[in-house]
Amino acid sequence: MPASQPNAIKSRSSAADGYDVVVVGAGFAGMYLLHRLRGLGLSVRVYEQGNGVGGTWYWNRYPGARCDVESMQYSYSFSDELQQEWDWSERYAPQPEILRYANHVADRFNLRSDIQFDTRVDRAVFDEGSNTWSVTTSDGKTVTAQFVVLATGCLSNARMPDFKGLADFKGNVYHTGHWPHEPVDFTGKRVAVIGTGSSAIQSIPLIAEQASQLFVFQRTANFSVPARNARLTAEERQAFRDNYPEIRRKAREEMRNGIFQELPEKGALDESEEQRRARYGARWAKGGLTFTATYNNIAIDKAANDTAADFVREKIAEIVKDPAVARLLQPDNHPIGSKRICVDTDYYATYNRPNVKLIDVKANPIEQILPHGLRAGGEDYEFDDLVLATGFDAMTGSVAKIDIEGRAGETLNHKWSAGPRTYLGLMSEGFPNLFIITGPGSPSVLSNMIVSIEQHVDWITDCIGYMRDRDFDCMEATKAAEDKWVAHVNEVAYTTLMPQANSWYMGANIPGKPRIFMPYIGGVGVYRQICNDVAAKDYEGFAMTAAPRQRVAVSS
Ligand code: NA7
């Protein structure tokens with residue numbers, strides 16, 4: 001993919017008249033999109049509510065925050081110089097390093113001049129007469145743009161639980177997704193963590209090292225596998241760099257989740273108990289997300305899935321000394337992988353520390369937060385600081401915060417009230433010229449996000465270029481194409497075990513949110529091919545029209 005292109009496309013507008021494109025969010029999606037659209041010669045404004053670039057990696061600064069995709073793969077591929085020159089220090093990059101990388105990219109490609117920080121997009125209204133959007137921001141200004149692209153992220157709307165008494169808690173309250181920018185020191189403090197998802201599992205071992213007492217309030221036990229994180233050697237980095245074209249191609253085209261890895265050839269039940277144990281043992285020793293790729297049917301066959309789940313449950317029993325605590329930590333209500341498995345460093349062993357106590361809040365629900373602790377199951381727990389590792393209103397939460405009004409005054413929130421509806425995850429019928437990056441109905445959170453982001457950005461850029469070349473002003477998903485896609489996304493999801501869990505993929509973590517399996521599970525390779533075919537057939541399933549009117553500004 002070219003890093004930049006000649007200014008061959010007509011830019012309709014300057015800032016005074018409005019922009020060609022408004023982008024919401026300056027995470028990895030917004031940054032790359034800005035770079036590509038500039039390459040087309042378009043005027044672009046990016047609005048970012050944070051004070052810097054990086055999105056997810058700007059906000060999630062909790063102790064131990066780390067990507068669960070290996071750093072050599074969780075990185076942009078669009079610039080070979082960039083991937084050859086950036087030195088990742090560890091197998092799994094820690095959050096500060098990913099944020100440094102995001103800042104490096106912003107500087108290297110000179111992106112900041114078109115990003116307005118500390119500014120939220122509050123409202124976007126489509127004008128059917130001019131085929132443009134009016135975008136209102138938190139600084140009270142309104143600009144117009146032909147296109148709006150939501151690069152708002154899938155895990156960016158932190159969910160504050162509505163515990164009774166939370167506002168009266170006297171100590172510090174931290175949400176993992178809104179962590180302070182200054183270091184937080186728990187030394188000598190009594191700390192409570194609510195939640196045992198990925199953020200909790202990464203932070204608990206580090207908080208436990210500092211705190212005098214740590215209470216972990218667990219509602220649902222999660223499967224976690226060791227990261228086996230380590231420093232990357234120069235040879236390991238070079239092995240990737242030498243083979244990047246092939247590794248990236250395979251990740252995009254051949255791997256369902258966009259992560260280059262060894263693919264399993266067999267099903268779990270095709271081997272003997274002994275062979276299975278050896279294979280699971282080898283994957284456990286290697287560490288990382290690919291544990292669930294030990295066999296090719298773990299995601300679809302419950303009996304196969306049980307063999308992997310049992311292996312992890314046995315490991316938990318081996319690591320955790322107190323059998324009652326081990327039992328509580330053993331997940332028992334969902335197939336392994338139907339919630340994103342966690343990747344940890346010393347998570348289960350942390351429960352062997354004398355200063356760590358696990359409390360089951362499924363059996364004994366949290367009744368209220370007290371000024372100096374909380375009450376659960378009739379028992380009071382006293383602590384100084386409270387960490388909410390309670391997750392996100394995932395995939396749709398950040399979109400829903402923007403008041404988006406499409407054709408005939410219809411709002412996106414109203415249209416999506418029974419669950420998100422998109423064509424290819426890219427557009428929703430009734431909302432012309434509005435693109436979503438890694439939206440519901442695309443592989444997004446089931447994949448290496450950067451692989452999916454690059455694919456969406458490239459597709460959208462090509463599409464806008466196509467429209468400009470042909471003087472199309474307006475593009476919209478058709479209802480028929482959208483209905484068919486929604487049915488397909490749903491149908492594929494139900495061929496797997498994924499919908500069996502009360503996961504954030506299903507919207508199940510947010511009270512009242514419709515239960516729809518939101519991401520597309522067909523795999524990034526299949527999905528890419530579908531998107532390419534649609535484009536090759538002149539954007540089949542999208543209606544494109546030209547409006548007979550004067551262009552306000554034309555630049556070469
Ligand atoms: P997750 O995975 O959504 O985890 C949130 C955790 O918080 C989970 O254990 C929840 O239990 C728990 N939770 C939420 N609300 C409550 C209440 N009211 N009471 C008790 N426990 C509660 O979010 P993370 O930030 O850890 O990870 C998100 C993704 O980021 C992760 O999947 C990776 O892809 C990276 P529940 O399971 O709902 O019973």
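So, how was this worked out
Residues numbered from 1 in each chain as written. Predicted model: local features only at pLDDT ≥ 70, side-chain atom pairs only at ≥ 80, totals over all residues. Heavy atoms only, no water. Helix = DSSP H or I, 4+ residues; strand = E, 2+ residues; numbered from the N terminus. Contact = heavy atoms within 4.5 Å. Near = heavy atom within 4 Å. Polar contact = N/O pair within 3.5 Å; in protein donor to acceptor, adjacent residues only side chain to side chain. Areas by Shrake-Rupley, 256 points an atom, 1.4 Å probe, with all protein chains shown as cover. Nonpolar A, V, L, I, M, F, W, Y, C, P; charged D, E, K, R; others polar. Pairing = 2+ DSSP bridges. Axes fitted to C-alpha atoms, helices over the stretch in contact; angles between N-to-C directions. Left-handed = near helix turned anticlockwise from the far one by under 90°. Parallel < 35°, antiparallel > 145°, perpendicular 65-115°, else oblique. Domains from an automatic or database assignment. Buried area = accessible area lost by both parts, 1.4 Å probe. Salt bridge = Lys/Arg side-chain N within 4 Å of Asp/Glu carboxyl O. Expected span 1.5 Å × (residues − 1). Buried < 20%, exposed > 50% of the residue type's maximum accessible area, 1.4 Å probe, protein only. Phe/Tyr/Trp six-rings, centres within 6.5 Å; stacked < 30°, edge-to-face > 60°. Core = buried A, V, L, I, M, F, W, Y, C linked by side-chain atoms within 4.5 Å. Arc of directions from axis to C-beta.

**A short note on the environment of tyrosine 101**
Link 1 in the chain: Relative to the elements of secondary structure, tyrosine 101 occurs in helix H4 (residues 95–108).
Link 2 in the chain: Taking the C-alpha atoms as reference points, tyrosine 101 and serine 75, separated by 26 residues in sequence, lie 8.8 Å from one another.
Link 3 in the chain: Those residues within four positions of tyrosine 101 in sequence are excluded, and the remaining contacts are Phe28, Ser75, Tyr76, Leu82, Trp86 and Trp88.

**What about the site of the ligand?**
Link 1 in the chain: Taken together, 18 residues surround the ligand, and among them Thr196, Ser198, Ser199, Arg219 and Thr220 come closest.
Link 2 in the chain: One nitrogen or oxygen atom from the side chain of arginine 219 is found 2.9 Å from an oxygen atom belonging to the ligand.
Link 3 in the chain: Taking 780 Å² as the accessible area of the ligand by itself, protein coverage stands at 86%.
Link 4 in the chain: Residue composition of the shell around the ligand, by class: 6 nonpolar, 8 polar and 4 charged.

**So, the sheet that holds strand S14 (residues 373–376)**
Link 1 in the chain: On the basis of which strands lie adjacent, the open sheet formed by 3 strands has the order S13-S14-S15 and antiparallel pairing. At either margin of the open sheet sits one strand with a lone partner, and together these are strand S13 (366–370) and strand S15 (379–382). Each adjacent strand pair in this sheet contributes to an overall mean axis angle of 20 degrees, direction not counted.

**Re the sheet that holds strand S7 (residues 173–175)**
Link 1 in the chain: Strand order in this open sheet of 5 strands is S7-S16-S8-S9-S12, and the pairing throughout is parallel. Whereas interior strands pair on both sides, the edge strands pair on one side only; in this sheet they are S7 and strand S12 (356–360). Averaged over all pairs of adjacent strands, the angle between strand axes in this sheet comes to 20 degrees, irrespective of strand direction.
Link 2 in the chain: The pairing of strand S8 (residues 190–194) with strand S16 (residues 385–388) spans 4 bridges and is parallel. Residue pairing for S16: valine 191 is matched across the bridge by aspartate 385.

**Brief notes about the packing of helix H1 (residues 28–39) against helix H14 (residues 449–469)**
Link 1 in the chain: Direction vectors running N to C along H1 and H14 enclose 35 degrees, while the axes themselves pass 9 Å from each other. Judged by the twist between their axes, the crossing of H1 over H14 is right-handed. Here H1 contributes Phe28, Ala29, Tyr32, Leu33, Arg36 and Leu37 to the contact with H14, which in turn contributes Ile450, Ile453, Glu454, Val457, Asp458, Ile460, Thr461, Asp462 and Ile464.

**Here we look at the packing of H14 against helix H16 (residues 524–536)**
The relative placement of two packed helices is expressed as an angle between their axes plus a distance between the axes.
Link 1 in the chain: Where H14 contacts H16, the two axes come as close as 11 Å, and the packing angle between them is 0 degrees. Judged by the inter-axis angle, H14 sits roughly parallel to H16. Seen from H14, the contacting residues are Val451, Ser452, Gln455, His456 and Trp459; seen from H16, they are Val524, Tyr527, Arg528, Cys531, Asn532, Val534 and Ala535.
Link 2 in the chain: Here the contact of H14 with H16 is composed, by residue class, of 7 nonpolar, 4 polar and 1 charged.

**Focus: the domain arrangement of the chain**
Link 1 in the chain: Parsing the chain into structural domains produces domain 1 (20–157 + 406–550), domain 2 (159–222 + 341–391) and domain 3 (261–329).
Link 2 in the chain: Summarising the inter-unit geometry, the C-alpha centres of domain 1 and domain 3 are found 34 Å apart.
Link 3 in the chain: Contact with domain 1, which involves 8 residues of that partner, is made by 10 residues of domain 3.
Link 4 in the chain: When domain 1 packs against domain 3, the two sides together hide about 590 Å² of surface, and 55% of this comes from carbon and sulfur.
Link 5 in the chain: Considering only the side of domain 1, the residues that lose the most area to domain 3 are Asp68, Arg91 and Leu497, jointly responsible for 63% of the buried surface there.
Link 6 in the chain: Our count for the domain 1 to domain 3 interface comes out at 0 salt bridges.

**A short note on H16**
Link 1 in the chain: With 13 residues, H16 extends 18 Å from end C-alpha to end C-alpha; this agrees with the ideal 18 Å at 1.5 Å per step.
Link 2 in the chain: If you check which residues of H16 are buried, you get Val524, Gly525, Tyr527, Arg528, Cys531 and Val534.
Link 3 in the chain: Turning to H16, the residues buried within the fold contact helix H7 (244–253), H14, helix H15 (479–493) and strand S20 (542–545).
Link 4 in the chain: Phi turns positive, to about 50 degrees, at aspartate 538, one or two residues after H16.

**Considerations on the packing of aromatic side chains**
Link 1 in the chain: Applying the stated criterion to the full structure yields 43 aromatic pairs.
Link 2 in the chain: Between phenylalanine 215 and tyrosine 381 the ring centres are 5.6 Å apart and the planes differ by 70 degrees, which places this aromatic pair in the edge-to-face class. Separated by 166 residues along the polypeptide, phenylalanine 215 in strand S9 (residues 213–218) and tyrosine 381 in strand S15 bring together distant segments of the chain.
Link 3 in the chain: Since its relative accessible area comes to 10%, phenylalanine 215 is described here as buried.
Link 4 in the chain: Accessibility expressed as a relative area gives 9% for tyrosine 381, which makes it buried.
Link 5 in the chain: Between phenylalanine 215 and phenylalanine 383, the ring centres sit 6.4 Å apart and the planes meet at 55 degrees, which makes this aromatic pair tilted. Here phenylalanine 383 lies in the loop between S15 and S16 and phenylalanine 215 lies in strand S9, a separation of 168 residues in the sequence.

**Focus: the nonpolar core**
Link 1 in the chain: Counting residues in each nonpolar core, the largest one holds 133 residues, and the members touching the most others are Phe28, Tyr76, Tyr351, Phe435, Trp459, Met475 and Phe542.
Link 2 in the chain: Take this core: its biggest share by element is 10 residues, from H14.
Link 3 in the chain: Counting residues in each nonpolar core, the second largest holds 22 residues, with Ala145, Leu150, Trp416 and Cys474 among its members.

**Here's the deal with unusual backbone geometry**
Link 1 in the chain: Even without being glycine, asparagine 433 reaches a positive phi, approximately 60 degrees.
Link 2 in the chain: Residue position: asparagine 433 is located in the loop between helix H13 (412–415) and strand S18 (434–436).
Link 3 in the chain: Here the phi dihedral of aspartate 538 falls at roughly 50 degrees; this positive angle occurs in a residue that is not glycine.
Link 4 in the chain: In this structure, aspartate 538 sits in the loop between H16 and S20.

**Points about the pattern of salt bridges**
Proximity of charged atoms lets side chains of opposite charge pair with each other.
Link 1 in the chain: Taken as a whole, this structure holds 37 salt bridges when the rule is applied.
Link 2 in the chain: One salt bridge in this structure joins arginine 313 and aspartate 310, with 2.8 Å as the shortest N-O distance. Of this pair, arginine 313 and aspartate 310 both sit in helix H9 (residues 302–319), 3 residues apart, which is roughly one turn of the helix.
Link 3 in the chain: Given the relative accessible area of 36%, aspartate 310 is considered partly exposed.
Link 4 in the chain: A salt bridge links aspartate 483 to lysine 479; its shortest N-O distance comes to 2.8 Å. One end of the pair is aspartate 483 and the other is lysine 479, both in helix H15 and 4 residues apart, which spans about a single turn.
Link 5 in the chain: Aspartate 483 sits in the partly exposed class, given a relative accessible area of 28%.
Link 6 in the chain: Lysine 479 gets classed as partly exposed once you look at its relative accessible area, which sits at 48%.
Link 7 in the chain: A single network of salt bridges, built from pairs that share partners, joins Glu246, Arg249, Lys250, Glu253 and Glu254.

**Overview of helix H6 (residues 234–242)**
Link 1 in the chain: Along H6, the positions that sit buried rather than exposed are Arg237, Phe240 and Arg241. One side of H6 carries all its buried residues, which in axial view fall inside an arc of 100 degrees. Away from its buried face by more than 90 degrees, H6 exposes Glu235 and Asp242.

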